[in-house]
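Here's the letter readout for the chains.
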Amino acid sequence: MKLNFYKKSIILLILIDFIAPIRIAQSCGWVEYDETGYTFLLNGLIETPSPIAPFIMKYLDLIDDEKEVKTHQKANVSEWETRFCKKANTKDIHQLVFKMPLAQMELLKTAAVNSKIKLPTVLQRNSFARHLKTNKCLEVIDYLIYAKKCEPHVVFSGNYWDRPNRNIMEMVLLLEEGRKIFDKTKSDYVKLRYAYQIIRLAHYAGKYQQVLMLYDELMPKVHADPSIINFWIKGHLAGAIKSLGDNVKASYIFAQIFDKYPGKRISAFRSFEINNDKEWEQCKLLAKNNQEKAALFVIRAADDESKALEELNEIYKLDPKNVHLKEILINEVRKLESLFLGTDFKQKPGLSRKLSPDAKYLVKMQKFVQTVINEKKVQDLDIWKLTDGYLTFLRGDFYEAEKDFKKYKKTIKSQKLLEQLDIFLLALKINMLNEIDNEVEDEIADIVKSNKEYKKIPSFRDFLFDRLASLYEKEGNEGKSFRCQNPIDALKPNPKRIIIEDLLDIFEKKEMTKLERAFVSEDGKLMKNLLLQLKGVDLMSSFQFEAAKMVLNQVPRKERSIFKVNLFRDRIKDYVNYTVDTNEYTRVDIIEKMLDLDLKGKVALEDGAPYFYKLGLAYYNISYYGHGWNVMDYFRSGSNWSYCENNVCSSYGDPLGNKENKSMSKALEFFEKARLLAKSQELAAKASFMAAKCRLNEWSCSKDSEFSAYSRDIPTLPEEYNDYNKLLATKYKNTKFYQKVIRECLYFEHYVAKLR
Amino acid sequence: MRKYVLLYILLISFSCQKPKVKTIKALYHWTSNLEVSDEKSHQIQNLGVQKIYLRYFDIDWNEEAQKAIPKGILSITNNIIDSIEIIPTIFITNRTFVNIPKAQLFPLVKKTNQKILEISKSFQNHISEIQFDCDWTVSTKEKYFEFLSLFKKVNANFISSTIRLHQVKFLEKTGVPPVNRGMLMYYNMGEVKKMSTENSILDNEIGSKYLSKLNKYPLSLDIALPLYSWAVVFRDGKLIRLINDVLESDFVTTKYLKISKNHYKVLKSTFLYGSYLYEDDIVRFETVMKTDLLEAANLLSKNLPRDDRTISFYHMDSKLINQYETELLQKVYHSFNFN
């Protein structure tokens, strides 16, 4: 489960109404984090986008060949439509150009040549086919037939797993055929299309030098009006030039295509390749004017990771009316907001939004924006003004930003920009929250419930609750702070008391706020019993059994966890899986049994050994190493069999880490008591052996230990941890139990052998 | 009688000897065009390379088509020496398994197999193994493992899978792929995204933490060792790009300021192998030092069970492989030989 899940479902407060179950945050298992920041820029902010707007603003979404193919086809159809004065509809043009089989096209030609022959039904239904027949557009029909023949060699079949079906011999023949028809064709527009087909064939046939020759030979003979086909041809020319090794000249052409023709923008961007500064300078020299030079900076700025103030400056100097300026600006602001927004907010574990934002860069960007505003050379000055205000906000001068926004609100006319302004104002309001009381909590609930700006921008959820998390933390409300960013279940691997207590305190209030109710609920159900169980588990793990019993007793019996485990069984070896006991115990039952044993042991005075031994076993078995580990823990990982600070092991996806109950102190205490009081040597031997196991566990998870749970080797136990082994091998070596252990326990045998 | 005594002595001496352990020398070829120059061919022969793991194609998830598709299909300009065994290697992105519905797994297996057979037709070389490379995670292991199991049904060759160090460390969580052998990638071990990381390619201090876990890993492991360098580019503290095959000499210009052992600050915006670096970017140059490579080989050989295994360098087209002497690379290969 990705953190996206958090992002999407975290704090989905009140989807419909507060009556409906309120979900703050949930998780189920493995969590992967991403690093995106907050963004408050509206999609489609620029109402009259330049051709590159969608490219720059949603570059990642667009970088897909299929989308480019579709854009390209659409542009092609649109051009046919324009050239035929809209005599045919786009759907029919698309069908005839891209879908009609060659045989049908030949029937169309026959019908066009001979007016007595009727069109087949499928063509009769097609307005473009009808138009071509009626007007005897034979050159166009011949061209479409020729294009159909070229298609298998040059058009992607749609199956990514197929090899391109290219037959070089056939392609060369087609090229020659096209070359001849080109000369005979009268229409300049159709000639242009032939030139495209011929050059494309040469390119895909790998005849790169021929592409250059054909371009020089054919293009001067075409006198068509400006057409998108010129860009397609240039694309193939640039491709051939690049294949011949001149990536600089090719990049210059790709930059011009990128600048002016959206249909080939993605491939132009991908093919643009400048390797070093020398090549960049050479490329700039190829530009014929400032606009062409600016286009080079535009394509360089389009890189998703660019820091485009440099490019903005250059484009502005070269061509202040450049249509791409504002898109690059907005894209740059988007990057800045992901760096600067929420840097003082509480970060979710695993996120690294607190990078090292370059404040110098932000200041320089704002200075540039202000220069542009003052010089008034650009189009759409309002967007620059709005950006100026937002940059002030990002700089942290909230008071000034608010003043700016309110001032602009009076002058801005564009509805979209006004909408954007309201979004900035809400972000500013959230950012300026300084303390939280019941009133603020209710106001927040209202924002989540009904604020239209909040609903428009997905980032508001994280932004609001990350901000609240840091405020709650500052005010000592660890529980509320935790819940702003995590589901209640995230407490299970490490039930942190301070968080649980803070959340349980909410139940003590006379009246919960709506937000508080959401913090202590999941799927609309109040989670008091789970919180009590978590608290009980935490108290148990710090051996405060009386207190744990009091807490756990508050949970109705039917909601208490049940364990089928015999904690008083001794084992020579520990196993991950254990035999299930027929008896059922709740945690309270287990605590009562342990308290009872303690009491009996104390009362029995010098006869207390059996009771203390059993108690030692219970402490051992509910620890990380025992088969009843889940009595005091919700999640145990084998990979934590090593040192972890304070026994909290880092665990991917667990915000508080995973606490393992590795302390052997209580178990050791009772085994030692049992050994000292034991009336029988056999019991003393058993207690010594169990104590030796405790010591081995203590060492294996100690800081300096090199023990590996995965290693086949028996670890070398340092002298100070070998005390009970020694005792067993000397004082109790004549017991039956000792002989049994020697037989069954390889590592014990090994340690004893070393002592001999 | 003397004959029997001799035979007895011979038998005794052989039975006391541990069997020799063989190292199979290999290289990875990871670019999408196979163009083996005479010089490269010579190098391969000098090294005594017996196997080449040849990247045939990648498989990635296509959002638009909602399908797994092949990418970067190998084009062949000239061939590898016939006597060398080829192991078709297919890299599958983890997101493929994140997105692919289970019902599409078997069709993908069939298409993958067909594509492998189609590319393999271009070679005369012996092919007996196919390797899959995927950085699978807990959430994708089920589908990746099913893919591998299904593939074994349609292709009778030996199947291997790359294993990353974290997959060894967290084997309980990430599971063990159902293949004949694993190829442990003993590199990419540091946190490349962290600015403070010294060398994310090879850091024996980090690597040694995994060593004790290796002999417990349920699959027999071959070893891939790194032979590449790159520049890790940080912008505003965030990793933005890895530039492959960079050499330290590339930073000896006035455009960079060396700020630590292997960190450079960009003083003036500049192009570096096709990437435009901006003023104030920080570049960490990472390479594989000869001493580290030898140490890695020694550490691994000491900690792995005695077994015949393939040792492969990743990869044969890097500039670094040309900078390292054949003797050094031979020494690394031989570190795994036991007599």
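The structure displayed is predicted, hence computed values, not measured ones. (Residues numbered from 1 in each chain as written. Chains lettered and ligands numbered in written order. Predicted model: local features only at pLDDT ≥ 70, side-chain atom pairs only at ≥ 80, totals over all residues. Heavy atoms only, no water.)

1. Concerning the overall build of chain B
Each helix and strand in chain B was counted, giving eleven helices and 18 strands. Relative to the compact-globule value of 20 Å for 339 residues, chain B shows a C-alpha radius of gyration of 22 Å, a close match. Projecting the C-alpha coordinates of chain B onto the three principal axes gives extents of approximately 85 × 50 × 45 Å. Counting only residues that meet the buried cut, chain B has 53% of its 339 residues in that class. Pairs at least 24 residues apart make up 74% of the contacts formed inside chain B by residues separated by at least 6 positions. (Helix = DSSP H or I, 4+ residues; strand = E, 2+ residues; numbered from the N terminus. Rg over C-alpha atoms; globule rule 2.2 N^0.38 Å. Buried < 20%, exposed > 50% of the residue type's maximum accessible area, 1.4 Å probe, protein only. Contact = heavy atoms within 4.5 Å.)

2. Some thoughts on the confidence of the model for chain A
Residue and element names in this part refer to chain A. Chain-level pLDDT for chain A is 87 on average; 88% of the residues reach the 70-or-more range. Contacts for the low-pLDDT stretch residues 1-34, under 50 throughout, to residues beyond four places or in other chains number 100 contacts. Note on residues 48-64: pLDDT is under 50 here. Beyond four places in sequence and across chains, it has 42 contacts. (pLDDT = per-residue confidence, 0-100.)

3. Observations regarding the pairing of strand 11 (residues 230-235) of chain B
Residue and element names in this part refer to chain B. Of all six residues in strand 11, six are buried; the element is thus mostly enclosed. Side chains Trp230, Val232 and Phe234 of strand 11 all project onto a buried face; the interleaved residues Ala231, Val233 and Arg235 project onto the opposite face, where all are buried too. Adjacent in sequence and paired antiparallel, strand 11 and strand 12 (residues 238-244) are bridged by two residues, among which Asp236 carries a positive phi angle near 50°. With five bridges connecting them, strand 11 and strand 17 (residues 282-286) associate as antiparallel partners. Within strand 17, the position partnered with Val233 by the bridge is Val283. (Pairing = 2+ DSSP bridges.)

4. With respect to the sheet that holds strand 11 of chain B
By way of backbone hydrogen bonds, the strands of a sheet pair with one another, either parallel or antiparallel. All names here are of chain B. With antiparallel pairing, the five strands of this open sheet are ordered in space as 12-11-17-14-13. Every interior strand has two partners, whereas the edge strands, strand 12 and strand 13 (256-258), have only one. Direction aside, the axes of adjacent strands within the sheet are offset by 25° on average. (Axes fitted to C-alpha atoms, helices over the stretch in contact; angles between N-to-C directions.)

5. Comments concerning a nonpolar patch on the surface
Residues and elements named next belong to chain B. Nonpolar side chains collect at one region of the surface, where Leu257, Ile259 and Leu267 lie side by side and expose about 250 Å² of accessible area between them. The topology assignment puts Leu267 in the loop between strand 14 (263-266) and strand 15 (270-272). Accessibility expressed as a relative area gives 40% for Leu267, which makes it partly exposed. (Patch = residues over 30% accessible without salt bridge, like charges linked within 9 Å, V, L, I, M, F, W, Y side chains within 5 Å. Areas by Shrake-Rupley, 256 points an atom, 1.4 Å probe, with all protein chains shown as cover. Salt bridge = Lys/Arg side-chain N within 4 Å of Asp/Glu carboxyl O.)

6. A few points about the pattern of salt bridges
Residue and element names in this part refer to chain A. Taken as a whole and assessed by the stated rule, the structure comprises 61 salt bridges over all chains. For the salt bridge of Lys403 with Glu400, the shortest nitrogen-to-oxygen distance reads 3.5 Å. Taken together, the residues Lys403 and Glu400, both in helix 22 (residues 398-411) and three residues apart, mark about one turn of the helix. We classify Glu400 as partly exposed; its relative accessible area is 28%. The partner of Lys600 in a salt bridge is Asp596, and the shortest N-O contact between them spans 3.0 Å. Remark: Asp596 and Lys600 occur in helix 32 (residues 587-603); sequence separation between them is four residues, near one turn of the helix. We classify Lys600 as partly exposed; its relative accessible area is 40%. Classification of Asp596 by relative accessible area gives partly exposed; the value is 34%. Through salt bridges that share partners, Arg179, Asp183, Glu217 and Lys221 make up one connected network.

7. Digging into the domain arrangement of chain A
Each domain of chain A was delimited in the assignment, giving domain 1 (86-153) and domain 2 (587-755). Placing the centre of domain 1 of chain A and that of domain 2 of chain A at their C-alpha centroids yields a distance of 88 Å. (Domains from an automatic or database assignment.)

8. A short note on the interface of chain A and chain B
Across the boundary between the two partners, chain A contributes 36 residues, which contact 43 residues of chain B. Summing the contributions of chain A and of chain B, the shared interface buries around 3,700 Å²; its carbon and sulfur component is 50%. Taken together, chain A and chain B are joined by four salt bridges. Across the pair Asp280 of chain B and Lys360 of chain A runs a salt bridge whose closest N-O atoms are separated by 3.7 Å. For the pair chain A and chain B, the interface holds 15 residue pairs in polar contact (both at pLDDT 80 or more). Among the elements that take part in the side of chain A that touches chain B, helix 4 (residues 65-83) of chain A stands out by supplying three residues, more than any other. Grouping the amino acids of the side of chain A that touches chain B by side-chain chemistry returns nine nonpolar, nine polar and 18 charged. (Buried area = accessible area lost by both parts, 1.4 Å probe. Polar contact = N/O pair within 3.5 Å; in protein donor to acceptor, adjacent residues only side chain to side chain. Nonpolar A, V, L, I, M, F, W, Y, C, P; charged D, E, K, R; others polar.)

9. Describing the state of the cysteines
Residue and element names in this part refer to chain A. Evaluation of the coordinates by the stated rule reveals one disulfide over all chains. Each disulfide pairs two cysteine sulfurs, and for Cys644 the partner residue is Cys649, the sulfurs being separated by 2.2 Å. As the torsion about the S-S bond is roughly 100°, the Cys644-Cys649 disulfide counts as right-handed. Of the residues examined, Cys644 reaches a relative accessible area of 9% and is grouped as buried. Here Cys745 is not cross-linked by a disulfide; its sulfur's nearest cysteine counterpart is in Cys694, at 14 Å. (Disulfide = S-S within 2.5 Å.)

10. Here's the deal with a negative patch on the surface
On the surface, Glu435, Asp437, Glu439, Asp442, Asp446, Glu475 and Glu511 of chain A cluster together into a patch of negative charge. Counting through the fold element by element, Glu511 of chain A comes out in the loop between helix 28 (497-508) and helix 29 (514-519). (Lys, Arg positive; Asp, Glu negative; His and termini not counted. Charge placed at Lys NZ, Arg CZ, Asp CG, Glu CD.)

11. A short note on the packing of aromatic side chains
Counted by the stated rule, this structure contains 53 aromatic pairs over all chains. Clustering of aromatic rings is evident, with ring pairs tying together Tyr28, Trp30, Tyr53, Tyr187, Tyr228, Trp230 and Tyr314 of chain B. Taking NZ or CZ as reference, Arg265 of chain A lies 5.3 Å from the ring centre of Phe258 of chain A, over its face. Here the basic side chain of Lys673 of chain A rests over the ring of Phe612 of chain A, its NZ or CZ set 4.9 Å away from the ring centre. (Phe/Tyr/Trp six-rings, centres within 6.5 Å; stacked < 30°, edge-to-face > 60°. Lys NZ or Arg CZ within 6 Å of the ring centre and 35° of its normal.)

12. Topic: the environment of Pro495 of chain A
Residue and element names in this part refer to chain A. For Pro495, the position within the fold is in the loop between helix 27 (478-485) and helix 28. By relative accessible area, which is 7% here, Pro495 ends up buried. With 36 residues separating them along the chain, Pro495 and Leu531 place their C-alpha atoms 9.0 Å apart. Excluding residues that lie within four positions of it along the chain, Pro495 makes contacts with Ile500, Leu534, Val537 and Asp538.

13. Topic: the side chain of Asn262 of chain B
All names here are of chain B. Within the secondary structure layout, Asn262 lies in the loop between strand 13 and strand 14. A relative accessible area of 10% means that Asn262 is categorised as buried. Contacts of Asn262, omitting those with residues within four sequence positions, involve Glu198, Val283, Arg284 and Phe285.

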